[in-house]
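# Survey of secondary and tertiary structure
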Amino acid sequence: MISIKSNREIALMEEAGRIVALAHKAVKEAIAPGVTTAELDEVAEKVILAHGATPSFKGYNGFPGSICASINNVVIHGIPNKKTKLKNGDIISIDIGACYKGYHGDSAMTHGVGEVSEQRKSLMEITKNALFKGLEFAKPLNRLSDISHAIEAYVLEHGCSVVKDFTGHGVGRALHEDPMIPNYGEAGHGPVLREGMTLAIEPMVNRGKSGVRILADDWTTVTCDGSDSAHFEHSIVITKDGYKILTIEGGNADVKK
Ligand code: MG
Ligand code: MG
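Computed from a predicted model, the values in this text were never measured in an experiment.

## Some points on the coordination of the magnesium ion (ligand 2)
Around the magnesium ion (ligand 2), the protein contributes the donor atoms D106 (OD), H169 (NE2), E202 (OE) and E233 (OE), which lie 2.1 to 2.2 Å from the metal centre. Distance-wise, the magnesium ion (ligand 1) is placed 3.1 Å from the magnesium ion (ligand 2), both being coordinated by D106. Here H169, found in strand β7 (residues 168-170), pairs with E233, found in the loop between β13 (229-231) and β14 (234-238); they are 64 residues apart in sequence, far enough to count as distant. Like H169, the residue E233 is buried in the burial classification.

## Describing helix α4 (residues 144-157)
Because each turn of an α-helix spans 3.6 residues, side chains separated by three or four positions end up pointing in the same direction. Look at α4: 21 Å from first C-alpha to last across 14 residues, which is about the 20 Å you get at 1.5 Å a residue. Within α4, the full set of buried residues consists of L144, S145, D146, I147, S148, A150, I151, E152, Y154 and V155. On its buried face, α4 sits against α3 (118-135), β6 (161-162), β8 (177-181), β9 (198-201) and β10 (204-206). Positive backbone phi, at 75°, marks G159, one or two positions downstream of α4.

## Considering the coordination of the magnesium ion (ligand 1)
Distances from the magnesium ion (ligand 1) to its protein donors, namely D95 (OD), D95 (OD), D106 (OD) and E233 (OE), fall within the range 2.0 to 2.5 Å. Spacing between the donor residues of the magnesium ion (ligand 1) along their common chain follows D-x10-D-x126-E.

## Focus on the packing of helix α1 (residues 7-30) against helix α2 (residues 37-50)
Here α1 crosses α2 at 150°, and the two axes come no closer than 8 Å. For the element pair α1 and α2, the recorded crossing hand is right-handed. Every residue of α2 that contacts α1 at I19, L22, A23, A26, V27 and A30 is listed here: L40, V43, A44, V47 and I48. Residue composition of the contact of α1 with α2, by class: eleven nonpolar, no polar and no charged.

## Points about the sheet that holds strand β3 (residues 74-76)
Taken in spatial order, the three strands of this open sheet run β3-β12-β11, and their pairing is antiparallel. Each edge of the sheet is formed by a strand with only one pairing partner; in this case those strands are β3 and β11 (212-214). Here the average twist between neighbouring strands, direction ignored, is 40°. Where β11 and strand β12 (residues 221-223) come together, three bridges link them in antiparallel fashion. The partner of V212 across the bridge, within β12, is T223.

## Let's talk about the layout of surface pockets
Of the pockets and cavities examined, the second largest pocket occupies roughly 390 Å³. Surrounding the second largest pocket, 23 residues form its lining, H77, T167, H169, H176 and E202 being those nearest its centre. Looking at the lining of the second largest pocket, the elements with two or more residues in it are β7 and β8. Sorting elements by how many residues they give to the lining of the second largest pocket places β8 first, with four residues. Tallied by class, the residues present in the lining of the second largest pocket amount to eleven nonpolar, seven polar and five charged.

## Quick word on the confidence of the model for the protein
Per-residue pLDDT for the protein has a mean of 96; in total, 97% of the residues score no lower than 70. For the stretch residues 253-257, pLDDT sits under 50, and the model shows six contacts to residues farther than four places along the chain or on other chains.

## Quick notes on the packing of α3 against α4
Contact geometry of α3 with α4 gives a least axis separation of 8 Å together with a crossing angle of 150°. The angle between α3 and α4 falls in the class roughly antiparallel. For α3 against α4, the interelement crossing comes out right-handed. Taking contact as the criterion, the partners of I126, N129, A130, K133 and G134 in α3 are, on α4, I147, A150, I151, Y154 and V155. Residues of the contact of α3 with α4, tallied by class, amount to seven nonpolar, two polar and one charged.

## Regarding the packing of aromatic side chains
Per the stated rule, a full pass over the model turns up one aromatic pair. With centroids separated by 5.0 Å and ring planes inclined at 80°, the aromatic side chains of F63 and W219 adopt a geometry described as edge-to-face. One end of the pair, F63, is in the loop between β1 (54-55) and β2 (67-71); the other, W219, is in the loop between β11 and β12, and 156 residues separate them in sequence. Judged by relative accessible area, which is 3%, F63 ranks as buried. By relative accessible area, W219 is classed as buried at 19%.

What counts and how
Residues numbered from 1 in each chain as written. Chains lettered and ligands numbered in written order. Predicted model: local features only at pLDDT ≥ 70, side-chain atom pairs only at ≥ 80, totals over all residues. Heavy atoms only, no water. Donors = N, O, S within 2.8 Å, 3.2 Å for Na, K, Ca; no water. Helix = DSSP H or I, 4+ residues; strand = E, 2+ residues; numbered from the N terminus. Buried < 20%, exposed > 50% of the residue type's maximum accessible area, 1.4 Å probe, protein only. Expected span 1.5 Å × (residues − 1). Contact = heavy atoms within 4.5 Å. Axes fitted to C-alpha atoms, helices over the stretch in contact; angles between N-to-C directions. Left-handed = near helix turned anticlockwise from the far one by under 90°. Nonpolar A, V, L, I, M, F, W, Y, C, P; charged D, E, K, R; others polar. Pairing = 2+ DSSP bridges. 1 Å grid on protein atoms, 1.4 Å probe; cavity = no way out; pocket = protein on both sides within 12 Å on 5 of 7 lines; lining within 4 Å. Points joined across faces, edges and corners; volume = space filled by probe spheres on them. pLDDT = per-residue confidence, 0-100. Parallel < 35°, antiparallel > 145°, perpendicular 65-115°, else oblique. Phe/Tyr/Trp six-rings, centres within 6.5 Å; stacked < 30°, edge-to-face > 60°.

Structure, rendered in structure tokens:
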């Protein structure tokens with residue numbers, strides 16, 4: 001069942017989202033060649049705890065980190081560790097969740113490390129744009145798969161593929177709530193969107209084919225063909241006439257579309 005949040009709940013989710021955005025900002029500033037993913041994890045966790053929230057991912061189904069740090073061909077769920085150092089030219093997807101007074105915010109973005117190739121830059125751009133293409137359809141009376149379809153259509157148009165084994169999701173009291181939100185499919189299907197639904201929309205886009213596999217650590221998810229992958233995610237609330245992003249620092253005026 002898809003829950004409709006009250007204004008009080010949405011306000012708490014906005015605060016959780018703001019904390020996630022602050023953690024992202026701190027991690028972005030810390031990203032540089034030679035830095036380990038464990039150091040980035042520490043940076044994010046400090047920000048989350050300093051704002052009276054807890055990292056949503058830490059301990060979630062046994063996940064050891066506060067963030068997911070996924071480099072190049074790693075799609076999602078990269079485990080932060082002291083051995084993995086960022087290198088010039090890498091791209092790194094950072095996924096962060098924070099829980100504030102019982103409500104979660106969840107957001108991901110991909111950054112370049114030092115000087116990044118045009119091809120990697122364009123993959124990041126395509127993935128970010130795909131998120132906002134999907135969000136154009138996030139409004140009352142649209143169907144859920146209108147978002148999914150817009151994301152996939154944009155990604156295919158730009159010669160990349162969407163990951164099909166993982167999806168976006170409802171978010172709120174739980175990190176993952178109903179509904180599942182695939183990044184592919186025909187338009188016009190699934191639940192009708194209603195004011196007060198809170199959703200995490202998150203295209204995962206591969207430069208090559210869409211297949212992914214999970215490594216022996218049971219988390220790290222990589223592209224089957226070794227191609228690069230990028231990931232952008234925002235938690236949103238459906239409003240009276242559209243949507244509002246919850247996982248940004250200071251209101252929707254700051255959002256670059
Ligand atoms: Mg996430
Ligand atoms: Mg998510």
